[in-house]
Amino acid sequence: MEAFSDGVFAIAVTLLVLEVGVPAGSEKDLLKALGEEWPAYLGYLVSFATIGAVWIAHTVITEYLDHANSIFLRLNLLLLLVVSFLPFPTRLLADYTHEPDAERIAATVYGINLLLSLIMVSVLWRYAVAEQLVRPDMADEDVRTLTKRFTPTLSVYVLVIVVGLFLPLLAVFGYLAIALFILIPFGSIRRQQKKKTA
């Protein structure tokens, strides 16, 4: 499961860079053409950071996972479904940044996709905890810390999506800030090993 998931994350990240480019016939003023593609660079940066944050969260979940059941595997597939879809709204954002009405729609679709990614991470972790799929040697405090860590930005995403209806570009920078916040190391969460008995 972990190997398959890592493969999907890697492919999603690779597809993002395929959306970055310059129009054909730009050789006469390539520098200007590169500058005009800044929405594509911004979308790539935000999407890469978000996929990276989701991948790190997924890695933490699998690190503390003792075993998986059929429902967990299906929830994992839903997470991968949302993540692998991300290159499409990233391209929408890059293509319609300069069109006022279309820009709002693109930013909203983009934000919803990002939000769904985080929701699925939270659902995956909470299900693993509820069904006791996590390692038995994991401290309760670490479980609570991770649960809190996977939850708080969901409400912020909703707020930023609403902002995107009026100020789409500001919302995109908000998504970037959230992704960078999630990328901050998880701190001192360490698996406690059971003491071996003689």
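The rules behind the values
- Positions within a chain are numbered from 1, following the residues in the order the chain's sequence is written.
- Per-residue local features of the predicted model are confined to residues with pLDDT of at least 70, and side-chain atom pairs are confined, for both listing and counting, to 80 or more; whole-chain, interface and lining totals are unaffected and use all residues.
- No hydrogens and no water enter the side-chain calculation; it runs on all heavy atoms of the structure.
- Note on scores: pLDDT gives the predictor's confidence for each residue, bounded by 0 and 100.
- Helical segments are the DSSP runs of H or I of at least four residues, strand segments are the runs of E of at least two, and each set is numbered from the N terminus.
- Throughout, a contact is declared for two residues whenever any of their heavy atoms are within 4.5 Å.
- In this analysis an axis means a line fitted to C-alpha atoms, helices contributing only their contacting stretch, and an angle means the value between N-to-C directions, from 0 to 180 degrees.
- By definition in this entry, angles of less than 35 degrees are roughly parallel, angles greater than 145 are roughly antiparallel, angles of 65 to 115 are roughly perpendicular, and the rest are oblique.
- If you view the pair so one helix is near and one far, a crossing is left-handed when the near helix is turned anticlockwise from the far one by less than a right angle, and right-handed when it is turned clockwise.
- Classification used: nonpolar for Ala, Val, Leu, Ile, Met, Phe, Trp, Tyr, Cys and Pro, charged for Asp, Glu, Lys and Arg, polar for all others including Gly.

1. Examining the confidence of the model for the chain
And then number 1: Chain-level pLDDT for the chain is 84 on average; 89% of the residues reach the 70-or-more range.
And then number 2: By mean pLDDT, helix α2 (residues 30–36) is the weakest element of the chain at 77, and helix α4 (residues 70–85) is the strongest at 96.
And then number 3: The low-confidence segment residues 191–198 (pLDDT under 50) makes nine contacts with residues lying over four places distant or belonging to another chain.

2. Overview of the packing of helix α3 (residues 38–63) against helix α9 (residues 168–182)
And then number 1: Their axes nearest at 8 Å, the elements α3 and α9 cross at an angle of 30°. Judged on the interaxial angle alone, α9 and α3 are roughly parallel. The interaxial crossing formed by α3 with α9 has left-handed handedness. Together, Trp-38, Leu-42, Leu-45, Val-46, Ala-49, Thr-50 and Ala-53 of α3 and Leu-169, Val-172, Phe-173, Tyr-175, Leu-176, Ala-179 and Ile-182 of α9 make up the contact between the two elements.
And then number 2: Partitioning the contact of α3 with α9 into residue classes produces 13 nonpolar, one polar and no charged.

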